Structure formats: structure tokens, C-alpha cells
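What follows is each chain in one-letter form.
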Amino acid sequence: MKNQAVIIGIAGGSASGKTSIAKQLYDYFKGHHKVKILKQDDYYKDQSHLSFEERAKTNYDHPFAFDTDLLVEHLKKLKKKERIEKPTYDYTLHTRSSITEVIEKRDVIILEGIFVLAEPSIRELCDILVYVDTDSDIRFIRRLKRDIEERGRSLQSVCEQYLTTVRPMHEQFIEPSKKYAHIIIPEGGSNHVAVDLLTTKIKSIIDE
Ligand code: CTP
């Protein structure tokens, strides 16, 4: 095992299945290595100084919405196997929650988020870059269900947000970032062959 942690970056559109791929990798490696899933979403900027109505209007699919400097600082520390104190995010309140999570040194970091490939400073720190490529109709249906059930949203707000920001930003930033991927996984977490190939490659990097 190297002195440095291995960082796997998983990008893809909203509700493409990034979390599912990340969990399968986590389950595979956790028996032998210290693994942690890091969500880029936890690095959305703190917006507690704004009213709820103002926060709800923010474009959460633009790079400016994220505190990328903090994420890069944390990734550099995790790479050196140092400990960090990670923020956590509350989607129902549209801001950082008051809880922080201490992450001790890890061997493998699985970083998942919409801008992991689009942000040069983030992708440069990743050893393997993955893009989860799922059709937009499937992603929209998943997102609608998830945002209503888990993120306290209404049907109208999900549709409005999708049309005004999620879809155009996906086309402007996320979809073009696919070209930086080492591996493109069609249809997300149900693609077990792709997950098998990925685990083999990660294992070879860990064993180098
Ligand atoms: N988002 C939101 N409201 C906020 C903050 C973020 O609606 N206050 C949305 C953004 O619009 C962005 C999405 O959260 O599109 C990013 O999360 P997503 O990638 O959909 O979730 P994951 O669970 O990480 O992805 P996957 O379903 O691919 O596993």
C-alpha cells in the first residue's frame, strides 16, 4: 500500500447513479482497506446568511455554487493520508448543516459529484476518472421521485428547477466533461461488468 491514498472520481449528471457505483466500490474494498465515500455536494457553499427563499433560487448546477477551494484542500490532505473535518449539507434547507464529520486517514477515497470531471483542480487529484452516463429521461424520473421523497420538494419546483438550471447546466458543463473520463459507465449502478473492471483497475493501483 502506497503512502498516498488512491482517489477515484465519479462524475455524471444529476441522478445518473453515481452513488450506486460509489457504494458498490465501497463494499468491494472495505474488507481490506480503509475506504471513504466523499460527496461533492457536501461542499456546496454555506448560504446561511441568505433567506430560505433566496437560497431556493440559487443555481445549484453551476460551478460557483461549490466551495471548490475547500474540497481541493481536503482532497490534498486525504491524499497525504491526513485527517480532515468535512462539512455536511442539508438539501431541505439549501445550506450547510451545523454538523461536521471527522475523516481519519484512508487508503481509498471515492469522490462523487456532478463537477468532479468538469473542475480541473479536482480531476487533477484523482487517480481514476469515471463518468456515469445515463439517459436524461431516466435521470429526470429518478430525480423527481428522489427530490419529492427525500429532499422536501414539490412536483412544480422539481420541474421548474430542471428546466431553468439542471438541464441547461448539464449541457453546458457536465456532459462535455465526459471527455476527461478514463471510463464511461452506461446505465449507472446496474452495470456490474463495468464495476468489476473498475475494481480490478483500482486494485492494481493500490498494489503498485
Ligand atoms: N441540489 C438541489 N438543491 C440544493 C443543492 C443541490 O436541488 N440545495 C441539486 C442540484 O440541482 C444538483 C444535484 O443536487 O443537480 C446534485 O446531486 P445529484 O448529483 O443529483 O445527487 P447524487 O445522489 O450525488 O447523484 P446520483 O443520483 O447520481 O447518485
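A brief report on the enclosed structure follows. The structure displayed is predicted, hence computed values, not measured ones.

A word on the site of the ligand
Logical step 1: In the neighbourhood of the ligand, 23 residues make up the surrounding shell, with Ser-14, Lys-18, Thr-19, Asp-61 and Arg-143 lying closest.
Logical step 2: At a separation of 3.3 Å, an oxygen atom of the ligand approaches a polar backbone atom of Ala-15.
Logical step 3: Contacts to the ligand include Glu-112, whose side-chain N or O atom sits 3.0 Å from an oxygen atom.
Logical step 4: Judged by its atoms lying within 2 Å of the grid points, the ligand is housed in the largest pocket.
Logical step 5: Secondary structure elements with two or more residues in the shell around the ligand: helix 1 (18–29), helix 5 (136–150) and helix 6 (155–174).
Logical step 6: In terms of residue class, the shell around the ligand is built from 7 nonpolar, 7 polar and 9 charged.

Notes on the packing of helix 1 against helix 7 (residues 192–207)
Logical step 1: The interhelical angle for the contact between helix 1 and helix 7, taken along N-to-C directions, is 50°, at an axis separation of 10 Å. Our classification of the angle between helix 1 and helix 7 gives oblique. Here the hand of the crossing between helix 1 and helix 7 comes out right-handed. Listed contacts from helix 7 to Ile-21, Gln-24, Leu-25, Tyr-28 and Phe-29 of helix 1 are His-192, Val-195, Leu-198, Thr-199, Ile-202, Lys-203 and Ile-206.
Logical step 2: Of the residues contributing to the contact of helix 1 with helix 7, the split by class is 8 nonpolar, 3 polar and 1 charged.

Thresholds, definitions, all that
- Residues numbered from 1 in each chain as written.
- Predicted model: local features only at pLDDT ≥ 70, side-chain atom pairs only at ≥ 80, totals over all residues.
- Heavy atoms only, no water.
- Near = heavy atom within 4 Å.
- Polar contact = N/O pair within 3.5 Å; in protein donor to acceptor, adjacent residues only side chain to side chain.
- 1 Å grid on protein atoms, 1.4 Å probe; cavity = no way out; pocket = protein on both sides within 12 Å on 5 of 7 lines; lining within 4 Å.
- Sits in = over half its atoms within 2 Å of the grid points.
- Helix = DSSP H or I, 4+ residues; strand = E, 2+ residues; numbered from the N terminus.
- Nonpolar A, V, L, I, M, F, W, Y, C, P; charged D, E, K, R; others polar.
- Axes fitted to C-alpha atoms, helices over the stretch in contact; angles between N-to-C directions.
- Parallel < 35°, antiparallel > 145°, perpendicular 65-115°, else oblique.
- Left-handed = near helix turned anticlockwise from the far one by under 90°.
- Contact = heavy atoms within 4.5 Å.

Treat this as a map of the structure, not an account of what it does.
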